[in-house]
Amino acid sequence: MILITGGTGTTGRLIARELAHRGRRVRTAARGAGADIPFDWYDPKTHLPALRGTRALYVVAPTGLLDPSPVVLPFLELARRSGVHRAVLLGSSAVPAGEHGLGLVQTCLGDIFSEWAVLRPSWFMENFVGNHPHARNIRERGEIVSATGNGRVGFIDPLDIAETAVRALTDPVPHNTDHVLTGPESLSYDDVAAVLCEVGGRPVRHRAVGEGELVGLLEMAGMPGGYARFLAALDVGIAQGAEDRTTPVVQEVTGRPPRAFREFCRGRFPGQ
């Protein structure tokens, strides 16, 4: 049995689908409706039932926390004691292994499990067409608001993340490494807006703002101040070139190249 936490989320549902297509036993766990079993990071009573019979685990840390380690690490220890021998963690290209926050979880994963992988994807292409604030702003105001300036990002299709995760969960030889995952090209937010205009058939522009203004906008939308400052700082990192890269990892792990943003958008706007 392979347990997928965040099993109804962007990557979790895709991983579950791909595993089922391959004939694997899979159990989705999430707080909301639609999962195979209820799971709440903040309710330990839901943890052991979700882990029962599980041998491999996909981990999506709770969102909105600057430091998920006090919640995630005890669960990972419980998973090991319950018989899980392989774990794959969804990290971020912006968060390397370290001593704090999600970086600490990444650091500890290989200490807890003998078979493991950390997926560190770049920003999701889905952010511009799904339920992300960027996508809502595009639909409601025809604009993307960011503090990224002219910085570029190797945006990635969540399906490429999912297929990499499936391999990391099921390959006979454990990966035992972290994978920085990107799409095939590095794009600025102006580039993204241009593709959305062309393929989506409606005007979209990128409105560049300063770090402080972005923090204010995120707080006005209801985001806690500390997390708003964290996200705005990531945008500033992009402006300074921190995410201007592509990697061959998707091709190396899955055997096929990652999908380009234009191709991704054509799949979401087939009538254009």
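How each quantity is defined
Residues numbered from 1 in each chain as written. Predicted model: local features only at pLDDT ≥ 70, side-chain atom pairs only at ≥ 80, totals over all residues. Heavy atoms only, no water. Core = buried A, V, L, I, M, F, W, Y, C linked by side-chain atoms within 4.5 Å. Buried < 20%, exposed > 50% of the residue type's maximum accessible area, 1.4 Å probe, protein only. Helix = DSSP H or I, 4+ residues; strand = E, 2+ residues; numbered from the N terminus. Contact = heavy atoms within 4.5 Å. Salt bridge = Lys/Arg side-chain N within 4 Å of Asp/Glu carboxyl O.

A few points about the nonpolar core
With 29 residues, the main nonpolar core has L57, F75, L76, L109 and F113 as its most contacted residues. Put simply, the parts of the chain that give this core at least two residues each are α2 (47-51), β4 (56-60), α3 (69-81), β5 (86-90), α4 (101-112) and β6 (115-121). In terms of residues, this core owes the most to one element, α3, which gives seven residues. Those residues within four positions of L76 in sequence are excluded, and the remaining contacts are L57, V59, V105, L109, I112 and F113. In terms of nonpolar packing, the next biggest core, distinct from the first, is built from 24 residues, V60, A162, A168 and V253 among them.

Quick notes on the pattern of salt bridges
Tallying each qualifying case throughout the model produces 19 salt bridges. Measuring nitrogen to oxygen at the nearest pair gives 2.8 Å for the salt bridge that ties E126 to R268. Of this pair, E126 sits in the loop between β6 and α5 (133-141) while R268 is found in helix α11 (residues 261-268), placing the two residues 142 residues apart along the sequence. For R268, a relative accessible area of 38% translates into the label partly exposed. A salt bridge links E143 to R207, with the shortest nitrogen-to-oxygen separation between them at 3.3 Å. Within this pair, whereas E143 is found in strand β7 (residues 143-146), its partner R207 is found in strand β11 (residues 205-208), the two being separated by 64 residues in sequence. Residue classification places E143 among the buried positions, given a relative accessible area of 8%. Residues participating in the shared-partner salt-bridge network are E143, R205, R207 and E213.

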